[in-house]
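As a plain string of letters, each chain reads:
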Amino acid sequence: MAPRLIITGSTGYIGARLAAMARERGFDVVELGRRPGAKWRIGDEPAASDLEGAVGLVHLAHCWATPPEAAEEENVNISGTLKLAEAAKTAGVPRFVFASSTSSRREALNVYGRTKFRIEEHLAASEAVPIVRIARIGLVYGGPRTAMYGLMAKLAALSPILPMIGLSRKVQPIHLDEVAAGLLALATGENQPLQTFVLAQENPISFAAWLRILRRAQGNGNLHFIPVPLTAALLACRVTKLLPLIPTVDPERVLGLAGAAPMESSESLRLLKLNLSDPAMVLAGEFGQTHEEQSRCEAQALLRYLGIAPTEIQLQRLCEGLRREGLAPLGLSPAMIRNPALLALFEPPANRTRHRLAQALYLADLASEPERTPGKKAGFFGAMLAISSDVLLFPLRALLAGRYR
């Protein structure tokens, strides 16, 4: 029988990856509170049948609906976590992992950090102490661009000049997969010491350096900053809620950044046998794959805009051509990719006919090349024909390349 692992918050940014990794490694995952038909929510008394027989429980769920400054007896994140940990101990679960944050401090500027600290304090004084392990998690990146990671990626790509606070503040990035592996080790590993674990890079980097890594990974140039005071940043957060087409920034996240301070993580990483990757290299690989997908979608939209039902070979050739000219990806929005007719809005009426004719010639140029079948070598005559075609069409290619740069 597969060992049972209980996860709360299993559909969130970290929880979804943790659940998938646990299943890949042969665990029977119980998604407490997120299963179809399940009625448990943080704060409820869990059913004994859900907890019994589990090798570990990872508590990731956090209720944002609770008033942030609610008294401890009314804050469901505090009372609910204690109730869950004590029920797990009663049910015989040997390990309870509480996902905290590196912003967890008594004097944290944001309510989230202070709440996490209060939960840690209550767990340390609870009956569940023997099974509790606390994981303070750093700045998580990678995978689906959601949560704080998605917001930072959008901001970094938004403009080469950004107003920003806390540029000299140190952050400790850690990849989503590494966080999931660390939590899984804590929840299932034997003889882990009774201490607080820190899942974060050993060598912190400045927040400014982190944003530049995100921008370069997305294929953009350098990033410059206009330092702004915290008060102005909080005011800007309120403005983002009123303006369309720009990411909305939660003041809590800004306060969390302003109060961030590095934590020592080397001992935790050693105990959990985690060797963290270089964020710049990992992100370059992840965004590189995304660029290929984006380029293909854009090529498909361009062909559809010209009234062509694209074939595989046309898509391949147009992608290659745009890449060769340094035009891929173009940066078309998802709405334009879904509705290529919207491209007409960006085509000046006076140039429309000429533009379409040029595009048609360019496509004809691509289509004139010989069929390329992967793995099949062209013969001598085919190669000569291709070379001759390239030489004859070179002036036209050069003209079009210059026009669309």
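Calculation criteria
Here, residues in each chain are numbered from 1, in the same order as that chain's written sequence. Confidence filtering applies because this is a predicted model: local features only for residues at pLDDT of at least 70, side-chain atom pairs given and counted only at 80 or more, and all residues used for totals across whole chains, interfaces and linings. The side-chain values count all of the structure's non-hydrogen atoms but skip hydrogen atoms and water molecules. The working definition used for a salt bridge is a side-chain nitrogen of Lys or Arg within 4 Å of a carboxyl oxygen of Asp or Glu. Secondary structure elements are defined from DSSP: runs of H or I of at least 4 residues count as helices, runs of E of at least 2 residues count as strands, and each element is numbered from the N terminus. Buried means the residue's accessible area, taken with a 1.4 Å probe over protein chains only, is under 20% of the maximum for its type, while exposed means over 50%, and partly exposed covers the values in between. Here a cavity denotes a set of grid points, spaced 1 Å apart and computed over the protein atoms alone, in which a 1.4 Å probe fits but from which it cannot get out, and a pocket denotes an open set meeting protein on both sides within 12 Å along at least five of seven lines; residues with an atom within 4 Å of a point are reported as lining. Grid points are joined across faces, edges and corners, and a volume is the space filled by probe spheres set on the points. The nonpolar class holds Ala, Val, Leu, Ile, Met, Phe, Trp, Tyr, Cys and Pro. Asp, Glu, Lys and Arg form the charged class, and all remaining residues, Gly among them, are polar. For every residue, the predictor reports its confidence as pLDDT, a number between 0 and 100. Pairs of residues are marked as contacts when any of their non-hydrogen atoms sit within 4.5 Å. Polar contacts, as counted here, are pairs of nitrogen or oxygen atoms within 3.5 Å of one another; within protein the pair requires one atom able to donate a hydrogen and one able to accept it, and residues that are adjacent in sequence qualify only if both atoms are side-chain atoms. Every angle, taken between N-to-C directions, lies between 0 and 180 degrees, and every axis is a line fitted to C-alpha atoms, over only the stretch in contact when it is a helix. Note that the term roughly parallel is reserved for angles under 35 degrees, roughly antiparallel for angles over 145, roughly perpendicular for angles of 65 to 115, and oblique for everything else. The crossing is said to be left-handed when, going from far helix to near helix, the turn is anticlockwise and less than a right angle, and right-handed when the turn is clockwise.

In the nomenclature of an unreviewed UniProt entry, the protein corresponds to Epimerase from the organism Rhizobium leguminosarum.

Caption draft 1: Expanded view of the pattern of salt bridges. Under the definition given, this model contains seven salt bridges. R95 serves as the salt-bridge partner of E190, at 3.9 Å between the closest nitrogen and oxygen. One end of the pair, E190, is in the loop between α6 (176-188) and β10 (196-199); the other, R95, is in the loop between α3 (76-90) and β4 (96-101), and 95 residues separate them in sequence. Its relative accessible area of 60% is what places E190 among the exposed residues. Taking the relative accessible area as the measure of exposure, R95 reaches 11% and is therefore buried. Sharing partners across several salt bridges, the network here consists of R17, E24 and D177.

Caption draft 2: Fine view of the layout of surface pockets. Approximately 1200 Å³ is the volume found for the largest pocket. Around the largest pocket, the lining comprises 46 residues; the ones closest to its centre are I14, W64, Y112, M148 and R253. Elements represented by at least two residues in the lining of the largest pocket include exactly α1 (13-24), β4, α4 (111-124), β6 (139-141), α5 (147-158), β8 (170-171) and α9 (251-258). Residue composition of the lining of the largest pocket, by class: 24 nonpolar, 15 polar and seven charged.

Caption draft 3: Molecular detail of the confidence of the model for the protein. Counting all residues, the mean pLDDT for the protein is 82, and 79% of those residues have values of 70 or more. Scored below 50 in pLDDT, residues 371-377 makes six contacts in the model with residues more than four places away or belonging to other chains.

Caption draft 4: Seen up close, unusual backbone geometry. If you check the backbone angles, A147 has positive phi at about 55 degrees while not being a glycine. Backbone geometry places N191, a non-glycine residue, at a positive phi of 60 degrees. Its location among the elements puts N191 in the loop between α6 and β10.

Caption draft 5: How the structure looks around the environment of K170. On the secondary structure map, K170 appears in strand β8. When the C-alpha positions of K170 and A261 are compared, they lie 6.4 Å apart, and in sequence the two are 91 residues distant. If we ignore the near neighbours within four places in the chain, the residues touching K170 are P204, I205, S206, A260 and P262.

Caption draft 6: Representation of the side chain of S104. Its location among the elements puts S104 in the loop between β4 and α4. Engagement of the side chain of S104 in a polar contact is seen with the backbone nitrogen of F117, the distance being 3.4 Å. Contacts of S104, omitting those with residues within four sequence positions, involve G113, K116, F117, E120, R136 and M263.

Caption draft 7: Expanded view of the packing of helix α8 (residues 230-240) against α9. Packing of α8 against α9 brings their axes to within 9 Å, and their N-to-C directions diverge by 155 degrees. On the basis of the axis angle, α8 is roughly antiparallel to α9. For α8 against α9, the interelement crossing comes out right-handed. Residues L230, A233, L234 and C237 of α8 form the contact with α9, whose own contacting residues are P251, V254, L255 and A258.

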